[in-house]
Amino acid sequence: MPHRAVRLALATAAAGSALLAAIATPSYAGPPAAVTADSLAVSVGSVTPAVALNGAKLTVVATVRNLGDAPVSGVSVSVRDGSTPVTTRSEVAAWAASRVPATGAVLAKGALPGTLAAGATTSVHLTIANVAAGRTQKWGAVPVSVEAVAGAAGAAGAAGAADGRVHTFLGYQVVKQYLPLTTAVLLPLVMDADPDLAATGTARADAWTAATAPTSRLGRIVAAAAGTSASFVLDPALTATPHVLVPTTTQTTTTSPTDPTHLATYAASTAELQARTDLAARISSDPATASTGSPAATDRLLLPMGDPDIAAPTVRQNVSAAVRATAEAGPAGSGPTIAWPAGGAWSTPIESTVRAAYGPDLRVAMVSSAALRGGDRTAEVNERSATGLPLAVYDAPLSGLLGRATQGAGTLALQQFVADSAALVAERSGTERELLLVGSRGLDPSPADLSRLLQGIGTGVPWVRTVGARSVVVDGSATPAELPLAELASSPPRTPGSLLTTRATTALTRTTTTVRAMAAVRSDGDTFAAPLLQAGQQLLAASWRTTPGRWRTLDTWVTRAATSGASGVFVSPRQINFLADSGRIQITVVNDLDVAVHDITLTLHPDNPRLRIESPTSSVTIGAKSRTTRIFRATALAAGQVPITATLTAPDGTVIRKDAPVRISVTPTGDWMYWVLGSIAGTILVVGIWRGVRRGGPGALPAGADEEPVQ
């Protein structure tokens, strides 16, 4: 027993120091699933109702687990008043994060029957007759500690003598003395950062099936939102099925060349198409009847196609293209007006990038309250930037609760929402205000826990009135000039750095340009280009920030695929001896690809002025695994070596390949050559005559012959 007292004293002192530190520097901490002291772990399975009205009973279901190696007997569980009021949001955060013993009265107590075996778990129901009894405030939340104690300490019921403890909150209302807080919950549906989603072959179909299945991360979010007032903000690629004219079980499909780029086939298999169609149907279906107050499916908001990382200054042009693609592909009235920087970050450079990327399509930017000025003042949902851009500010602490609705923690998240929202309303209880909650891009919840949280927000908290997100985010009637001016936080939260550096985006742009050029000249252009263009678009996504290794895997694959496609067509290297003033040069173009190419323009450019090509361009069409020759007329201007740069371009002028594989040795023949040859011939003639005279050639008369007289 003395050792136990020492442990408790040390724990109390350490916890007290932690509380003081938390109060001095308020910070948000999510609800823990379970808190362990010595040998027992306690968690809260449910609090019913989340807010007790008009003195109604409230029941807490606590779960106790024996973490020790030996059985424990005489275990009692109690709900103890924290005694310290939580009237501000910082006080709510401090109580949720702390582990200090509660010193108030015991509100309810129960005992576990018999012995709790090692590793065993059991639950106990604790009923509180009237949480509001004796409270001065007529509505709000009470901080409580749910504690489990074993043996004699449990029987004594002394404060601080807990073997297991967890902090939470109990809500109550006797009289309504406020205007309800209009609240919207927005759940993001964006693709996982998975290279296989843009691959080819069976790996791609398997990845899409896994990413869109009911048990997937996206599937669990959709399931949790069913029957609630939550809305979706999503990448439209999840609801816009790839445009496939002839879907087959193979990896080849066809598309009309006149289709917009974003509607091109993704070389999708039947399995992938079915998986994506099923997810789109689940997203688009109205999860509840109108009587529940749930927004219609049309309330969803669209991000740009591919959810590009708009906080990176290097993606402006790419985002602009994605915005246009979303406007064309999205449902009527749901155009790409939403800018959402990664992590909700906001700064003057980010605003400049966003405005340049979206242009006149930009209507509002979603920003985390953590990016704006801190202090006791809670930011308004609708504010404006220094340049007049409307901002939809989502509450960072309460939004964080969505991500903490994991296995077993849904109730604790809901009860912290009860307390935090009560403190928020109390800031200005007589003023109509709005609240926006936005989950993180990587939201990965337990469906049951997130559903419990969403259901509680929608129907269980009397000072909260839920609406669809569109009415809060983009349908506000106020003009920018009427909105309060947002102030940036002096120490904004850190977010993982963007992978889209200037070098990376330059290389990606070059690769994408090459892919489009090859698609225009290959006989299988659509099938070749579609998966690579989709992969290039996915490489711009904000979700890669947390998985740089996977980003590099996909980037390497795209680059290699594009390079191999372009390098398969080339000019055959050769050395040519040009022994003329003018003549013809024969150039061979090789197609080493498995498909035919067409409408390629071959252009020759001498690298020095010794040789001139009279008509330097020629159109080329070559069959698969074949070669063809082109004849060019040339004029020699001087002797010497002339490297020839051969450029192969697509119809739009994009260079497919450019190198200097041909070298010409120029030896021209001009007037000087004829003078030389004439001189040589004359010299030979003179020498021959001279030699004939010396030897007495045929023109000499024989000795003694008669000469014919001249008449």
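Before any of the text, the structure's been laid out above.
Residues numbered from 1 in each chain as written. Predicted model: local features only at pLDDT ≥ 70, side-chain atom pairs only at ≥ 80, totals over all residues. Heavy atoms only, no water.

**Section: the layout of surface pockets**
Note the cut-off: Buriedness for pockets is judged along seven lines, at least five of which must meet protein on both sides within 12 Å for an open set on the 1 Å grid over protein atoms alone, while cavities are sets there where a 1.4 Å probe fits but cannot get out, and lining residues have an atom within 4 Å of a point. Grid points are joined across faces, edges and corners, and a volume is the space filled by probe spheres set on the points.
Approximately 720 Å³ is the volume attributed to the second largest pocket. Lining the second largest pocket are 32 residues, with Ala-342, Gly-343, Ser-440, Arg-441 and Gly-442 sitting closest to its centre.

**A look at the sheet that holds strand 17 (residues 382–384)**
Rule in force here: When DSSP finds at least two bridges between two strands, those strands are taken to pair. Going along the chain from the N terminus, every DSSP run of H or I of four or more residues is numbered as a helix, and every run of E of two or more is numbered as a strand.
Within the open sheet, the four strands sit side by side as 15-16-18-17. Their pairing is mixed. Here the strands that pair on one side only, and so sit at the sheet edges, are strand 15 (338–339) and strand 17. Of the strand pairs in this sheet, strand 16 (residues 364–368) and strand 18 (residues 390–394) are connected by four bridges, and their pairing is parallel. Paired with Ser-368 across the strands is Tyr-394, a residue of strand 18.

**Focus: the pairing of strand 12 (residues 181–189)**
Quick note on the threshold: A simple rule labels every residue: compare its accessible area, found with a 1.4 Å probe on the protein chains alone, to the largest value its type can have, and call it buried under 20%, exposed over 50%, or partly exposed in between.
Most of strand 12 is tucked away: nine of the nine residues are buried. The side-chain alternation of strand 12 yields two buried faces, one formed by Leu-181, Thr-183, Val-185, Leu-187 and Leu-189 and the other by Thr-182, Ala-184, Leu-186 and Pro-188. Pairing geometry for strand 12 and strand 20 (residues 464–466), over three bridges, is parallel. Along strand 20, the bridge assignment pairs Thr-182 with Arg-465.

**Re the side chain of Thr-168**
The criterion, for reference: Throughout, a contact is declared for two residues whenever any of their heavy atoms are within 4.5 Å.
Looking at the secondary structure, you find Thr-168 in strand 11 (residues 164–173). What makes Thr-168 buried here is its relative accessible area of 3%. The residues contacting Thr-168, other than those within four sequence positions of it, are Trp-95, Val-142, Pro-143, Val-144, Val-146, Leu-412 and Gln-415.

**So, the nonpolar core**
Counted only if it meets this: In this text, buried Ala, Val, Leu, Ile, Met, Phe, Trp, Tyr and Cys residues form a nonpolar core when linked through side-chain atoms within 4.5 Å.
Judged by nonpolar contacts, the single largest core of 56 residues is most densely connected at Leu-187, Leu-189, Phe-232, Leu-402, Phe-417, Leu-453 and Trp-463. In terms of residue count, helix 10 (residues 410–427) provides more of this core than any other element does, nine residues in total. The contacts of Leu-187, once residues within four sequence positions are left out, are Ile-221, Ala-225, Ala-230, Ser-231, Phe-232, Val-233, Leu-402, Leu-443 and Leu-454. Counting residues in each nonpolar core, the second largest holds 40 residues, with Phe-528, Ile-587, Val-642 and Ile-664 among its members.

**Focus on empty space enclosed by the protein**
Across all of its chains, the model carries six cavities of 30 Å³ or more by this definition. Roughly 180 Å³ of volume is contained in the largest cavity. Taken together, 19 residues form the lining of the largest cavity, with Met-191, Asp-235, Gly-306, Gln-538 and Ala-541 sitting closest to its centre. Looking at the lining of the largest cavity, the element that brings in the most residues is helix 14 (residues 525–538), giving three residues.

**Details of unusual backbone geometry**
Excluding glycine, a negative phi dihedral is what most residues carry, and trans is how most peptide bonds are arranged. Residue Pro-49 is bonded to the preceding Thr-48 through a cis peptide linkage, with omega at -10°. Within the secondary structure layout, Pro-49 lies in the loop between strand 2 (40–48) and strand 3 (51–53). Here the phi dihedral of Lys-625 falls at roughly 50°; this positive angle occurs in a residue that is not glycine. Along the chain, Lys-625 falls in the loop between strand 26 (617–622) and strand 27 (626–636).

**Considering the packing of aromatic side chains**
As a reminder, the rule being used: Here is the rule: rings of Phe, Tyr and Trp (six-membered ring for Trp) pair when centre to centre is within 6.5 Å. Planes less than 30 degrees apart are stacked, more than 60 are edge-to-face, and the remainder are tilted. Geometrically, a lysine NZ or arginine CZ counts as sitting over a ring once it is within 6 Å of the ring centre and also within 35 degrees of the ring normal.
Tallying each qualifying case throughout the model produces three aromatic pairs. With 6.3 Å between their ring centres and 90° between their planes, Tyr-178 and Trp-463 make a pair best called edge-to-face. Of this pair, Tyr-178 sits in the loop between strand 11 and strand 12 while Trp-463 sits in the loop between helix 11 (447–460) and strand 20; the two residues are 285 residues apart in sequence, bridging distant segments of the chain. Exposure class is identical for Tyr-178 and Trp-463. Each is buried. Three or more aromatic residues joined by ring pairs form one cluster here, namely Trp-139, Tyr-178 and Trp-463. The ring centre of Trp-208 lies 3.9 Å from the NZ or CZ of Arg-276, which sits over that ring.

**Let's talk about the pattern of salt bridges**
Selection criterion: What makes a salt bridge here is a side-chain nitrogen of Lys or Arg within 4 Å of a carboxyl oxygen of Asp or Glu, nothing more.
A complete count under the given rule lists 19 salt bridges for this structure. The residue Asp-309 makes a salt bridge to Arg-545 at a minimum N-O spacing of 2.7 Å. In this pair, Asp-309 is assigned in the loop between strand 14 (301–302) and helix 7 (316–329) and Arg-545 in the loop between helix 14 and helix 15 (548–567), connecting sequence segments 236 residues apart. Among the residues examined, Asp-309 registers a relative accessible area of 1% and is labelled buried. Residue classification places Arg-545 among the buried residues on the basis of a relative accessible area of 13%.

**Side note on the packing of helix 14 against helix 15**
To describe two helices that pack against each other, one gives the angle between their axes and the distance between the axes. We apply this condition: For helices, the fitted axis covers only the stretch in contact; all axes are lines through C-alpha atoms, and the angles between them, taken along N-to-C directions, range from 0 to 180 degrees. Handedness of each helix crossing follows the sense of rotation of the near helix against the far helix: counterclockwise by less than a right angle gives left-handed, clockwise gives right-handed. Nonpolar residues are Ala, Val, Leu, Ile, Met, Phe, Trp, Tyr, Cys and Pro. Charged residues are Asp, Glu, Lys and Arg, and all others, Gly as well, are polar.
Running from N to C, helix 14 and helix 15 point in directions that differ by 145°, and their axes come no closer than 10 Å. Handedness of the helix 14/helix 15 crossing: left-handed. Judged by residue contacts, Phe-528, Pro-531, Leu-532, Ala-535 and Gln-538 of helix 14 engage Leu-554, Trp-557, Val-558, Ala-561, Ala-562 and Gly-565 from helix 15. Grouping the amino acids of the contact of helix 14 with helix 15 by side-chain chemistry returns nine nonpolar, two polar and no charged.

**Regarding the sheet that holds strand 21 (residues 569–571)**
Read from one edge of the open sheet, four strands run 21-23-27-25, paired in antiparallel fashion. Sheet topology places strand 21 and strand 25 (611–613) at the edges, where each strand pairs with a single neighbour. Sheet twist, expressed as the mean angle between neighbouring strand axes with direction ignored, is 35°. Summarising the sheet, strand 21 and strand 23 (residues 582–591) pair through three bridges and their orientation is antiparallel.

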